[in-house]
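# Per-entry structural report
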Amino acid sequence: MHFRLLGFPISLHYSWLVAFCLLTWALSTAMFKDALPGVPMRAHWAAGAVATLFILASVLFHEIAHAVVARRYQYQIKRIYLHILGGWTVFDRELQTPNIEARVAAAGPAFSFGLAGILWCFSADPIVRELYKVNMMLGAYNLLIPCVPLDGGRILHAFLWARGGSYAVAAEQTARLSKQISNGMMALGGLGIILQFNTFWLIIVGIVLRIIAAGTYKTVQQSSKLTRPVQEIMVPTNYVQTLPITASIQDLQTTFLRHGYKVYPVMDGDTVIGLVHYQNVREDPTWLEASQGAIRPHVVPLRQELMVSSQTTLQEALDQMLLAGSDEVLVYSQDTFMGLVKRSMILRVQQSISEPGPMKKEDKPIGLPLWENR
């Protein structure tokens, strides 16, 4: 289900309906059965349904608080997703500074605590009292657990980023800590069950956070050790597959089938003027009908954040890729195009650092250009 609220696109995952049913059942058969004695069962269910709607609305507005602050800093909101475990706000690009990331992350808990403060004034009503508790828990859960992708984890990442200067290294440190905390949550949950406490939920949350942290860590693992210059692994210009600005969409299709690359530098003579992304062109409704059309309308102009010098470290290049949302950066020496570095190349360097061991017969020394192994 999709709709818009306050100008933001909202998507409800099917699991949201599951959450609605489970919460309504739990509230009506437990809390409201005790809080509203002497009234018909249908009144308990009605109160449970109303409370559930307000609870899920609290989660939605927690995410909208993030979106409002991000929009203030000129970020576009691609979508707000709501699911059984909460919500997720997707921006058009990564937040570009630690200060902005911290402010956007803090907006959600700030809203939840503020709403809880208002509700506390009317907590004599059982539904309002339950909403007060939920918003306090929602704010505390997001703020006080420093795990990705929770707000506390994003604030910790912003702090480490500001202190160390590297987006990727900060993400690596945050993800490593997140894995440790999630392991601890699962252990505590298991111990609680042994001691006959209702802590199964802690195991579930720990598993979800562990999966997310592991995925984040894989992207930025060993970032602090990526100190080598990009020129050591870059694809030099004579091996770079480019397209002229006069190329057609059919030329792009043929080049992709032949080489399989997702992004191609676009040349105007001897000058790189931009990049064309195969996937973006393919999403065009006229992809099949207009194969003779030019790629020119689909060319993304070359931006400074997509360019690095030949002496830029792999760590700095990874930072730029992550912040720019790009799978590659172009390498320049002064104003001369020297080559490019792909995200997959840096990933292979990361893997070689994290998985040291005897070199296989078919492998080449890491000192050789990785593009030779393709």
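In this numbering scheme, every chain counts its residues from 1 along its sequence in written order. Reporting of local features is limited, given that this is a predicted model, to residues whose pLDDT is at least 70; pairs of side-chain atoms are given and counted only at 80 or more, and all residues count toward the totals for whole chains, interfaces and linings. Think of the side-chain values as coming from all heavy atoms in the structure, minus any hydrogens and water.

### Digging into the overall build of the protein chain
To keep things clear, this is the line we draw: Every helix listed is a DSSP run of H or I at least four residues long, and every strand listed is a run of E at least two residues long, numbered separately from the N terminus. Here the term buried applies to any residue with accessible area under 20% of the maximum for its type, exposed to any over 50%, and partly exposed to those in between, with areas from a 1.4 Å probe on protein chains only. Residue contacts follow a heavy-atom distance rule, with two residues in contact if any of their heavy atoms lie within 4.5 Å.
A tally of regular secondary structure across the protein chain gives 11 helices and 12 strands. Each of the three principal axes of the protein chain carries a C-alpha extent, and together these read 85 × 50 × 35 Å. Taking all 374 residues of the protein chain together, the buried fraction comes to 43%. Taking as baseline every contact in the protein chain between residues at least 6 positions apart, the subset at least 24 positions apart corresponds to 62%.

### Things to note about the environment of I193
Along the polypeptide, I193 turns up in helix 6 (residues 167–194). You can call I193 partly exposed: its relative accessible area is 38%. Put simply, I193 and V300 are 107 residues apart on the chain and 55 Å apart in space, counted from C-alpha to C-alpha. The residues touching I193, leaving out its near neighbours within four places in the chain, are T199, F200 and I203.

### Considerations on the confidence of the model for the protein chain
Inclusion rule: Think of pLDDT as the predictor's per-residue confidence, scored from 0 to 100.
For the protein chain, per-residue confidence averages 85 on the pLDDT scale, and residues scoring 70 or more make up 90% of the total. By mean pLDDT, the top-scoring element of the protein chain is helix 5 (residues 151–164) (95), and the lowest-scoring one is helix 1 (residues 14–35) (76). Note on residues 361–374: pLDDT is under 50 here. Beyond four places in sequence and across chains, it has 24 contacts.

### Overview of the environment of T227
Mapped onto the elements, T227 comes out in the loop between helix 7 (200–220) and strand 5 (235–236). When the C-alpha atoms of T227 and V299 are compared, they prove to be 32 Å apart, with 72 residues separating the residues in sequence.

### Quick notes on the pattern of salt bridges
To keep things clear, this is the line we draw: Whenever Lys or Arg places a side-chain nitrogen within 4 Å of a carboxyl oxygen from Asp or Glu, that contact is recorded as a salt bridge.
Under the counting rule described, the total for this entry stands at 6 salt bridges. Notably, a salt bridge pairs E172 with R176, separated by 2.9 Å at the nearest N-O pair. Taken together, the residues E172 and R176, both in helix 6 and 4 residues apart, mark about one turn of the helix. Classification of R176 as partly exposed rests on a relative accessible area of 34%. A salt bridge links R228 to E232; the shortest N-O distance between them is 2.8 Å. Looking at R228, the relative accessible area reads 26%, which means it is partly exposed. On the accessibility criterion, E232 (31% relative accessible area) is partly exposed.

### Things to note about the pairing of strand 1 (residues 2–5)
How we decide: Whether two strands pair comes down to DSSP finding at least two bridges between them.
In this structure, strand 1 lies alongside strand 2 (residues 8–12), joined through 4 bridges in antiparallel fashion. Residue pairing for strand 2: L5 is matched across the bridge by F8. Taking the residues between adjacent antiparallel strands as the criterion, strand 1 and strand 2 are bridged by 2 residues, where L6 takes a positive phi near 55°.

### Digging into unusual backbone geometry
What is expected of a backbone is that most residues other than glycine have negative phi and most peptide bonds are trans. Along the chain, V148 connects to P149 via a cis peptide bond; the corresponding omega equals 5°. Residue position: P149 is located in the loop between helix 4 (126–144) and helix 5. The residue Q74 is not glycine, and still its phi comes out positive at about 70°. Here Q74 falls in the exposed class, since its relative accessible area comes to 59%. Despite not being glycine, Q196 shows a phi value in the positive range, around 70°. Among the structural elements, Q196 can be located in the loop between helix 6 and helix 7.

### Quick word on the nonpolar core
For the record, the criterion: What makes a nonpolar core is a set of buried Ala, Val, Leu, Ile, Met, Phe, Trp, Tyr and Cys residues whose side-chain atoms join them at distances within 4.5 Å.
Counting 36 residues, the largest nonpolar core has V230, I233, L314, L330, V341 and I346 as the members making the most contacts within it. Those elements that place two or more of their residues in this core are helix 5, helix 6, strand 7 (263–268), strand 8 (271–277), helix 10 (314–324), strand 11 (328–333), strand 12 (336–342) and helix 11 (343–354). Looking at this core, the element that brings in the most residues is helix 10, giving 7 residues. Other than its neighbours up to four places away in sequence, L314 contacts L226, R228, V230, I233, I346 and V349. Core analysis: the second largest hydrophobic core is formed by 19 residues, I10, L12, I64 and A67 among them.

### A closer look at the side chain of T312
We apply this condition: Counting of polar contacts relies on pairs of N or O atoms within 3.5 Å, with two restrictions inside protein: one atom must be capable of donating a hydrogen and the other of accepting it, and residues adjacent in sequence are counted only when both atoms are side-chain atoms.
Inspection of the secondary structure puts T312 in the loop between strand 10 (307–309) and helix 10. Here S309 takes part through its side chain, which lies 3.1 Å from a polar atom of the side chain of T312. Contact partners of T312, with chain neighbours within four places excluded, come to R228, P229, V230 and A317.

### Some thoughts on the packing of helix 3 (residues 98–120) against helix 5
Worth spelling out the cut-off: Interaxial angles span 0 to 180 degrees and are taken between N-to-C directions of axes, which are lines fitted to C-alpha atoms, for helices over the stretch in contact. Orientation labels follow simple angle bins: below 35 degrees gives roughly parallel, above 145 gives roughly antiparallel, 65 to 115 gives roughly perpendicular, and whatever is left gives oblique. Two helices cross in a left-handed way if the nearer one is turned anticlockwise from the farther one by less than a right angle. They cross in a right-handed way if the turn is clockwise. Residues are grouped as follows: Ala, Val, Leu, Ile, Met, Phe, Trp, Tyr, Cys and Pro are nonpolar; Asp, Glu, Lys and Arg are charged; all remaining types, including Gly, are polar.
As a packed pair, helix 3 and helix 5 sit with axes 8 Å apart at the nearest point and diverge in direction by 160°. Judged by the angle between their axes, helix 3 and helix 5 are roughly antiparallel. The crossing of helix 3 and helix 5 is left-handed. From helix 3, P98, E101, A102, V104, A105, A106, G108 and P109 reach across to helix 5, where they touch D151, R154, I155, H157, A158, W161 and A162. The residue makeup of the contact of helix 3 with helix 5, split by class, is 10 nonpolar, 2 polar and 3 charged.

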